[in-house]
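# Topology and contacts: notes
So you can see what is in the structure, the chains are spelled out below.
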Amino acid sequence: MHGDIMSDRGGSCPKCGMALVPILDSAAARTIGYTCPMHPQIRTPAPGNCPICGMSLIPVAGAPQDNRKLNNLSRTLWVGVALSVPLVVLAMSPMVGIHNLFGMPPATTGWIQFTLGTPVVFGVGFPILHKFWLSLRHAALNMYTLVGLGVTLAYLYSLVAVLFPSIFPLAFRQADGSVGTYFEAAAVIVTLVILGDVLQMRAMGQTNRAIQELLRLSPNLAWRLRDDGSEERVPLETVVIGNLLRIKPGEKVPVDGIVTEGTSRIDESMLTGEPVPVAKAIGDGVTGATVNGNGSLTIRAEHVGSDTLLAKIVHLVSEAQRTRAPIQRLSDVIAVYFVQVVVVIAFITAVTWWFVGPEPRLAYALINAIAVLIIACPCAVGLATPISMTVAMGQGARSGILFRNAEAIERMRDIETVVVDKTGTLTLGHPVLTEFIAEGIPENDALALMAGVEQLSEHPIALAIVEGAKLRGLTPGKASAFEAVNGLGVRAEIGGKHILVGSRGFLDRSGVDTNNWEARAVAWRAEAKTVVFFAIDGIGAGIAAVADPIKDSTAAGIAALKKSGVRVVMLTGDSRATADAVAKQLGIDEVIAEVLPEDKSAHIKHLQAEGRKVAMAGDGINDAPALAQADVGIAMGTGTDVAMESAGVTLVKGDLRGIARAAELSRATMRNIRENLTFAFGYNALGIPVAAGVLYPAFGILLSPIFAGAAMAMSSVCVVTNALRLNRVKL
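Residues numbered from 1 in each chain as written. Predicted model: local features only at pLDDT ≥ 70, side-chain atom pairs only at ≥ 80, totals over all residues. Heavy atoms only, no water.

## A word on helix α3 (residues 126–137)
Operational definition: Strands are runs of DSSP state E lasting at least 2 residues, helices are runs of H or I lasting at least 4, and numbering of each runs from the N terminus. Expected span of a helix: the number of residues minus one, times 1.5 Å. Each residue's exposure class comes from its accessible area (1.4 Å probe, protein chains only) as a fraction of the maximum for that residue type: buried when under 20%, exposed when over 50%, partly exposed otherwise.
In a regular helix each residue adds 1.5 Å, so 12 residues correspond to 16 Å; α3 covers 16 Å between its end C-alpha atoms and thus fits that length. Residues of α3 that are buried: Ile128, Leu129, Lys131, Phe132, Leu134 and Ser135. Two residues or fewer after α3 comes Ala139, characterised by a positive phi angle close to 55°.

Spelled out as structure tokens, the structure:
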């Protein structure tokens with residue numbers, strides 16, 4: 001709950017008393033610390049308790065559950081149950097008409113209860129009493145202050161009643177003249193709190209399930225190729241950038257890399273949530289921990305260790321889980337005064353029962369005050385928001401949606417306008433050869449000649465033509481006498497033939513007639529394609545179209561946003577004609593084109609000035625200021641690191657459909673948090689008056705501290721269980 005708290009020895013949070021939880025080093029996918037589920041700013045490298053709320057610290061972002069601590073706590077719980085059951089039988093037998101059970105006088109029964117209750121309170125309950133003491137020592141009152149105060153009062157009163165019964169006046173005595181003891185209340189409350197901790201630890205072990213599954217997918221070994229072509233199986237940590245690695249059918253991809261040999265299909269569902277495997281060929285990128293299909297691939301390692309996408313995802317989720325959403329401020333403000341108010345209410349309850357309650361007045365005063373202290377523990381209130389946020393971040397990561405912080409999740413719900421960049425966001429971000437027509441020469445021969453000239457140029461369009469020829473299995477011709485005419489085209493000789501490649505103006509200046517191709521060129525330009533003309537020995541021989549293709553998922557992403565009522569605006573530096581052509585294909589009605597990079601954020605401000613909640617989706621360095629200015633910045637995971645650092649949300653594979661999914665997850669998360677807060681506050685609003693005895697005058701109803709303890713423990717479990725429902729949200 002308090003991520004600013006850090007410790008190198010574990011322990012409890014000094015503010016809330018919760019046990020500290022371990023933090024994950026995402027680079028190596030290993031636990032290096034612990035944090036508090038209610039106060040994520042608490043960080044320690046060792047297990048312990050939160051110094052703020054006293055809760056046990058838990059591993060963060062995919063770190064494995066600390067089973068040793070859970071097992072020890074479970075064994076402690078069974079000890080408490082074994083001693084508390086006979087204690088309750090002894091204490092409750094008079095209530096069902098069984099007096100002097102086994103013929104024992106009240107004094108003997110009191111000593112037996114002392115013998116059974118003491119090890120429960122001081123043995124089983126040691127963690128609770130320790131956290132209670134820390135809360136007093138640090139002057140940081142928390143939930144364990146209330147539990148510890150209630151248990152201590154019940155035990156000390158009972159101890160005095162056993163050791164010195166004669167000092168109690170008649171007002172303290174029961175009908176048979178004995179002084180009642182409450183060892184069973186203290187013992188059962190302790191046992192119930194431990195039960196709540198066990199159930200909570202088990203439930204919270206599921207909150208990082210999505211990240212844990214990702215980490216388990218990462219292989220430990222890789223097949224590395226030696227210089228002679230032979231294979232050796234090596235530990236993953238020995239792989240370095242530039243190593244050639246063999247990925248056999250059915251194996252996991254060890255690191256992020258580029259395919260240098262072979263074809264296959266890769267199952268990337270663990271990153272994107274998409275079940276359909278993606279085809280991979282030479283030059284395509286692959287991501288570590290994804291699963292290879294039936295083909296065999298050779299890849300060149302590009303990113304290893306902490307630089308892999310998987311490591312970055314784990315790091316991002318780990319950091320995000322330590323942030324606090326604006327909605328949590330409500331519970332934070334209440335928590336500051338809550339414990340003090342409860343102590344005052346408990347005091348007023350005791351005084352009221354002492355002066356106006358029935359006999360034995362002190363017994364009623366003590367029991368009802370303890371019930372107020374126990375039932376009012378604010379654990380459920382503190383857990384309501386951070387647990388839901390933690391589960392939502394894991395669910396998002398499993399679907400290829402990474403939230404940088406909890407605030408981004410909350411803000412995403414209110415987005416009503418989405419501004420999208422074109423290049424790299426709506427489109428692939430790099431030109432490809434989409435059309436090619438030749439005349440008077442076989443098409444493949446013409447494309448091989450054209451690629452032979454273009455392979456000597458560094459222009460992106462030239463690279464697209466060369467790549468297009470290679471994808472068709474063609475070998476570009478060997479060119480000589482190469483010359484580039486800036487802004488127009490290139491010329492060279494291949495096999496004695498003089499080749500020209502460039503714009504219509506370039507060919508016209510060289511005396512080549514291109515009129516036969518102009519109608520086709522006009523049609524392609526209307527589709528936002530760049531047209532390249534081709535001539536052999538002064539005669540027009542062909543025409544090619546190069547474009548930045550729209551991503552396969554973009555149309556569905558835009559349609560999903562519009563269906564949900566979101567306004568979609570394209571903001572791009574491209575020409576008006578190109579932007580309009582792309583917008584027409586995707587059904588985008590609003591286009592802002594020919595925008596300078598430094599002016600993009602100004603357009604975002606203008607939309608915000610209209611009172612709109614704006615999300616900006618982009619992938620380039622020039623998008624970073626606009627991403628930072630938007631209410632929620634959305635970066636394409638296929639883009640630059642600068643864009644991702646400026647954004648609140650990252651779509652791992654750059655799939656625009658992730659925006660609608662992120663909005664749906666945000667809405668589900670905020671609904672879940674509202675449910676948790678309603679339950680937590682409602683529970684305390686109803687429970688405290690009942691525990692204080694407001695129903696007693698009219699109905700004769702009192703709440704035993706034992707039932708108050710059970711209700712307190714189960715309230716936290718209910719909040720955690722409700723948060724886990726987010727794992728079932730369909731995105």
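Following the structure, the description resumes.
## Focus: the packing of helix α17 (residues 554–563) against helix α22 (residues 657–692)
Stated formally: Angles run from 0 to 180 degrees between N-to-C directions of axes, and those axes are lines fitted to C-alpha atoms, restricted for helices to the stretch in contact. Here, two residues are considered to be in contact whenever any of their heavy atoms come within 4.5 Å of each other. Three residue categories are used. Nonpolar comprises Ala, Val, Leu, Ile, Met, Phe, Trp, Tyr, Cys and Pro, charged comprises Asp, Glu, Lys and Arg, and polar comprises the others, including Gly.
At a closest axis distance of 7 Å, the pairing of α17 and α22 adopts a crossing angle of 35°. Each of Ala556, Gly557, Ala560 and Leu561 in α17 lies in contact with α22, whose residues at this interface are Arg657, Ile659 and Ala660. Its residues assigned to classes, the contact of α17 with α22 shows five nonpolar, one polar and one charged.

## As for the packing of aromatic side chains
The condition that has to hold: Ring geometry is summarised as follows: Phe, Tyr and Trp rings, the Trp one being its six-membered ring, pair when their centres sit within 6.5 Å, and such pairs are stacked at plane angles under 30 degrees, edge-to-face over 60 and tilted between the two.
Taken as a whole and assessed by the stated rule, the structure comprises eight aromatic pairs. Here Trp111 and Phe114 contribute two aromatic rings whose centre-to-centre distance is 5.7 Å and whose plane-to-plane angle is 85°, an arrangement assigned as edge-to-face. Of this pair, Trp111 and Phe114 both sit in helix α2 (residues 106–124), three residues apart, which is roughly one turn of the helix. Taking the relative accessible area as the measure of exposure, Phe114 reaches 22% and is therefore partly exposed. The structure contains a cluster of three or more aromatic residues connected by ring pairs, namely Trp111, Phe114, Phe122, Tyr155 and Phe183.

## A short note on a nonpolar patch on the surface
Basically, it comes down to this: Two joining distances apply to patches: 9 Å for like charges and 5 Å for nonpolar side chains (Val, Leu, Ile, Met, Phe, Trp, Tyr), and every residue must have over 30% relative accessible area and no salt bridge. Surface accessibility follows the Shrake-Rupley procedure with a 1.4 Å probe radius. Residue values consider only the protein chains on display as shielding. The term salt bridge refers to a side-chain nitrogen of Lys or Arg lying within 4 Å of a carboxyl oxygen of Asp or Glu.
There is a patch of nonpolar side chains on the surface, built from Val344, Phe347, Ile348, Val351, Trp354, Phe355 and Val356 and spanning about 720 Å² of accessible area. Within the secondary structure, Val351 sits in helix α9 (residues 328–356). The exposure class assigned to Val351 is partly exposed, which follows from its relative accessible area of 31%.

## Focus: the pattern of salt bridges
Applying the stated rule across the entire model yields 22 salt bridges. We note a salt bridge from Glu232 to Arg226, for which the minimum N-O separation is 3.8 Å. Residue Glu232 is classed as partly exposed on the basis of its relative accessible area, which comes to 24%. When salt bridges with common partners are traced through the structure, they connect Arg504, Asp508, Glu518 and Arg525 into a single cluster.

## A word on the sheet that holds strand β8 (residues 278–280)
Basically, it comes down to this: Criterion used throughout: strands pair if DSSP finds at least two bridges between them.
With respect to topology, three strands assemble into an open sheet ordered β8-β7-β10, the strand pairing being antiparallel. With partners counted over all chains shown, the strands left at the sheet margins are β8 and β10 (291–292), one partner each. As paired elements, strand β7 (residues 264–267) and β8 share three bridges and run antiparallel to each other. Of the residues in β8, the one forming a bridge with Ser264 is Lys280.

## A short note on the confidence of the model for the protein
We apply this condition: For every residue, the predictor assigns a confidence score, pLDDT, that lies between 0 and 100.
Mean pLDDT for the protein: 79, with 79% of residues reaching 70 or above. Taken element by element, the predicted model of the protein shows its lowest mean pLDDT in strand β1 (residues 24–25) (39) and its highest in strand β13 (residues 417–420) (93). Across residues 21–31 the pLDDT falls below 50, and counting only partners more than four positions away or on other chains, this stretch makes 51 contacts in the model.

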